[in-house]
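Secondary and tertiary structure notes
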Amino acid sequence: MASVSSSRDLWDPYRVLDVDPSSPYSTCVGFAVSTGSRCKWRFNTEQFDTFQRATAVERLKAMSEMHPSQVTLAALYSLARNTLCRDFHQWQADAKSTEWEAKIEDYLLHEHNRGLAVVRPVTQPRYRLDDATQLQYGIAQDKHASEQEMKQLVGQMDVVKQDLAKRDRTIEQLGEQMDAVKYDLAKRDRHVEYLAKQVNVVNQELAEREDKVPSLEQPQKVKRGFWRALGRKFSRIMRK
């Protein structure tokens, strides 16, 4: 892995710790259990923001300018937090900082200043990080939490939109069914109106027939009157 060096560098933490957040091809230092290998998320992806990359580069630069034995566990933990992808491997920060501590000890034993006595890296409680760094961590974590909450809200809004779209389709279907019912009712109304007209025609025909019935009975009345008159005349003749 490429390293960044200057005249003040006392050693190369990029190579020893196998991490280079300044490289677009370097990846998260976490271990992916699913693949059994190093995580594939690169530092230039959405898993790492600008603050993380810049902080990691600053930590490595500061380490390179001090004796390896002076690198604290807190500094290694800070480096791990900023070189582990946010969504998957932040929980490995403790293990990674301990692993790096062992690598530095091994480096001191086998490579760095062979004639010097090996001094175990000074360990400090992580809570002794300066207030500014803690504040930066807090801001970064809050930002990440806000982004996660925003993603959840967006997901919930998508679900609500889908429900609303489904309801709109249901309402549209109900509207179409109501239109069909209205059409059927209008069709029935027209049929009833037609039947009513037919009934009126029949009633008129019946009324006309009833008006004609007395005229048919009139000749019978005339005949009866004729025979009565004839009978009375015959009776008078017979009496004479």
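Residues numbered from 1 in each chain as written. Predicted model: local features only at pLDDT ≥ 70, side-chain atom pairs only at ≥ 80, totals over all residues. Heavy atoms only, no water.

1. Considering the overall build of the protein chain
The line we're drawing: Counting from the N terminus, the helices are DSSP H or I runs at least four residues long and the strands are E runs at least two residues long. Here's how the labels work: a residue is buried when its accessible area is under 20% of the maximum for its type, exposed when over 50%, partly exposed in between, all with a 1.4 Å probe on protein chains only. The Shrake-Rupley method, run with a 1.4 Å probe sphere, supplies the accessible areas, and residue values consider only the shown protein chains as cover.
For the protein chain, the count of helices and strands is five helices and two strands. When each of the 240 residues of the protein chain is scored for burial, the buried share is 27%. Accessible surface, the protein chain as shown: approximately 17,100 Å² in total, 57% of it carbon and sulfur.

2. So, the confidence of the model for the protein chain
Cut-off, in case you're wondering: Per-residue confidence from the predictor is reported as pLDDT, a score between 0 and 100. Residues are treated as being in contact if the distance between any of their heavy atoms lies within 4.5 Å.
Looking at the protein chain, the pLDDT average stands at 77 and 71% of residues meet or exceed 70. Within the protein chain, no element has a lower average pLDDT than helix α5 (residues 131-239), which sits at 74, and none a higher one than helix α1 (residues 13-17), at 91. Below a pLDDT of 50 lies the segment residues 115-131, which in the model reaches 31 contacts outside its immediate sequence neighbourhood of four places, other chains included.

3. Re the nonpolar core
One broad trend across soluble globular proteins is that nonpolar side chains are buried collectively. The condition is simple: As used in this record, nonpolar core signifies buried Ala, Val, Leu, Ile, Met, Phe, Trp, Tyr and Cys residues forming a set joined through side-chain atoms within 4.5 Å.
Core analysis: the biggest nonpolar cluster contains 26 residues, and L17, V19, L76, L79 and W100 have the highest contact counts within it. Listed by contribution, the elements that provide at least two residues to this core are α1, α2 (50-64), α3 (73-83) and α4 (93-110). Not counting residues within four places of it along the chain, the set of residues in contact with L17 comprises L60, M63, L76, L79, W100, K103 and I104.

4. Focus on the packing of α3 against α4
Packed helix pairs are characterised by how far apart their axes lie and by the angle those axes make with each other. Cut-off, in case you're wondering: Here an axis means a line fitted to C-alpha atoms, over the contact stretch when the element is a helix, while the angle between two N-to-C directions is reported on a 0 to 180 degree scale. Orientation is classified from the angle alone, with under 35 degrees giving roughly parallel, over 145 giving roughly antiparallel, 65 to 115 giving roughly perpendicular, and any other angle giving oblique. Note: crossing handedness is left-handed where the near helix turns anticlockwise from the far helix by less than a right angle, and right-handed where it turns clockwise. Three classes are used: nonpolar for Ala, Val, Leu, Ile, Met, Phe, Trp, Tyr, Cys and Pro, charged for Asp, Glu, Lys and Arg, and polar for all others, with Gly counted as polar.
Where α3 meets α4, the closest approach of the two axes is 8 Å, and the angle between their N-to-C directions is 125 degrees. When the axis of α3 is compared with that of α4, the two are oblique. Viewed along their axes, α3 and α4 form a crossing whose handedness is right-handed. Between α3 and α4, the contacting residues are L73, L76, Y77, L79, A80, R81 and T83 on the first element and A93, D94, K96, S97, T98, W100, E101 and I104 on the second. Residues that form the contact of α3 with α4 fall into these classes: eight nonpolar, three polar and four charged.

5. Observations regarding the packing of aromatic side chains
The condition that has to hold: Put simply, two rings from Phe, Tyr or Trp (the six-membered ring, in Trp's case) pair if the centres are within 6.5 Å, and we call them stacked under 30 degrees between planes, edge-to-face over 60, tilted for the rest.
One pass over the full model with this rule turns up three aromatic pairs. Where W41 meets F88, the ring centres are 6.3 Å apart and the plane angle is 10 degrees; that geometry is what we call stacked. In this pair, W41 sits in the loop between β2 (37-38) and α2 while F88 sits in the loop between α3 and α4, placing the two residues 47 residues apart along the sequence. Residue W41 is classed as partly exposed on the basis of its relative accessible area, which comes to 29%.

6. Some words on α2
Applicable threshold: The span one expects for a helix is its residue count, reduced by one, times 1.5 Å. Polar contacts, as counted here, are pairs of nitrogen or oxygen atoms within 3.5 Å of one another; within protein the pair requires one atom able to donate a hydrogen and one able to accept it, and residues that are adjacent in sequence qualify only if both atoms are side-chain atoms.
Taking 1.5 Å of rise per residue, 15 residues should cover 21 Å, and α2 covers 21 Å from first to last C-alpha, within 8% of that figure. Capping the start of α2 is the job of one residue whose side-chain oxygen sits 3.2 Å from the backbone nitrogen of F51: D49.

7. Here we look at the pattern of salt bridges
For the record, the criterion: By definition, a salt bridge exists where a carboxyl oxygen of Asp or Glu is found within 4 Å of a side-chain nitrogen of Lys or Arg.
Counted according to the given criterion, the structure contains five salt bridges. In this structure, K61 and E65 form a salt bridge, with 3.5 Å as the shortest nitrogen-oxygen distance. Take K61: its relative accessible area is 26%, and that puts it in the partly exposed class. Residues participating in the shared-partner salt-bridge network are K96, E99 and K103.

8. Observations regarding the side chain of S69
With respect to the helices and strands, S69 occurs in the loop between α2 and α3. At 2.7 Å, the side chain of S69 and the side chain of H67 are in polar contact.

9. Focus: a negative patch on the surface
For clarity, the threshold we go by: Patches in this entry comprise residues that are over 30% relatively accessible and not in a salt bridge; like charges within 9 Å are linked, as are nonpolar side chains (Val, Leu, Ile, Met, Phe, Trp, Tyr) within 5 Å. Within this scheme the basic residues Lys and Arg register as positive and the acidic residues Asp and Glu register as negative, but His and the chain ends are omitted. Charged side chains are reduced to one point each, which is NZ for Lys, CZ for Arg, CG for Asp and CD for Glu.
Among the surface-exposed residues, D168, E172, E176 and D179 lie close enough to one another that they form a single negatively charged patch. Positionally, D168 belongs in helix α5.

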